[in-house]
Amino acid sequence: MSHSPIHRAGNGPVKVELTQGETYTWCACGRSASQPWCDGSHQGTGIDPVVFVAERTGGVWLCLCKQTGTPPLCDSSHKKPSP
Ligand code: FES
């Protein structure tokens, strides 16, 4: 199924503090004004956010370029040119 283009929300990851057992919703479309979190702006794009539960409390680097192969975590894909 096709979807609208994915936007880059940044050119590097953002470090966020997570709490073990909490549920988070990572923006996969790049349109959210509340990066890296989904704010519902993906409506109508055909792109869904990534909902995940933190496995531990602490800091993690979340992807903002939205090109990561390991969402929501940064895999250094921001260092590659945009497709
Ligand atoms: S606003 Fe981007 S996935 Fe929801």
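These numbers come from a predicted model, not from an experiment. (Residues numbered from 1 in each chain as written. Predicted model: local features only at pLDDT ≥ 70, side-chain atom pairs only at ≥ 80, totals over all residues.)

Here's the deal with the UniProt feature "domain: Iron-binding zinc finger CDGSH type" (unreviewed entry) in the protein
In this structure's numbering, the residues bearing the UniProt feature "domain: Iron-binding zinc finger CDGSH type" (unreviewed entry) are residues 11-48 and 49-83. Measuring from the first to the last C-alpha atom of residues 11-48 gives 21 Å, for a span that is 0% helix and 24% strand. (UniProt positions renumbered as here; feature names shortened; annotations may be inferred. Helix = DSSP H or I, 4+ residues; strand = E, 2+ residues; numbered from the N terminus.)

Structural notes on the nonpolar core
Of all hydrophobic cores here, the largest spans 11 residues; its members are W26, C27, A28, C29, C38, I47, L62, C63, L64, C65 and C74. When residues no more than four places from it in sequence are discounted, the contact partners of L62 are P13, V14, V16, W26, P36, P72, L73 and C74. (Core = buried A, V, L, I, M, F, W, Y, C linked by C-beta atoms within 7 Å. Buried ≥ 20, exposed ≤ 12 C-beta atoms within 10 Å, placed from the backbone. Contact = placed C-beta atoms within 7 Å.)

Points about unusual backbone geometry
Going from Q35 to P36, the amide bond is cis rather than trans, its omega being 5 degrees. Counting through the fold element by element, P36 comes out in the loop between β2 (23-26) and β3 (50-53). P72 follows P71 through a cis peptide bond whose omega is 5 degrees. In the Ramachandran plot, K66 falls in the positive-phi region, its phi being about 65 degrees despite a non-glycine side chain. By secondary structure assignment, the location of K66 is in the segment after β4 (58-62). Looking at K66, the number of C-beta atoms within 10 Å reads 23, which means it is buried. For S76, which is not a glycine, the phi torsion comes out positive at approximately 75 degrees. The exposure class of S76 is partly exposed, given the 15 C-beta atoms found within 10 Å.

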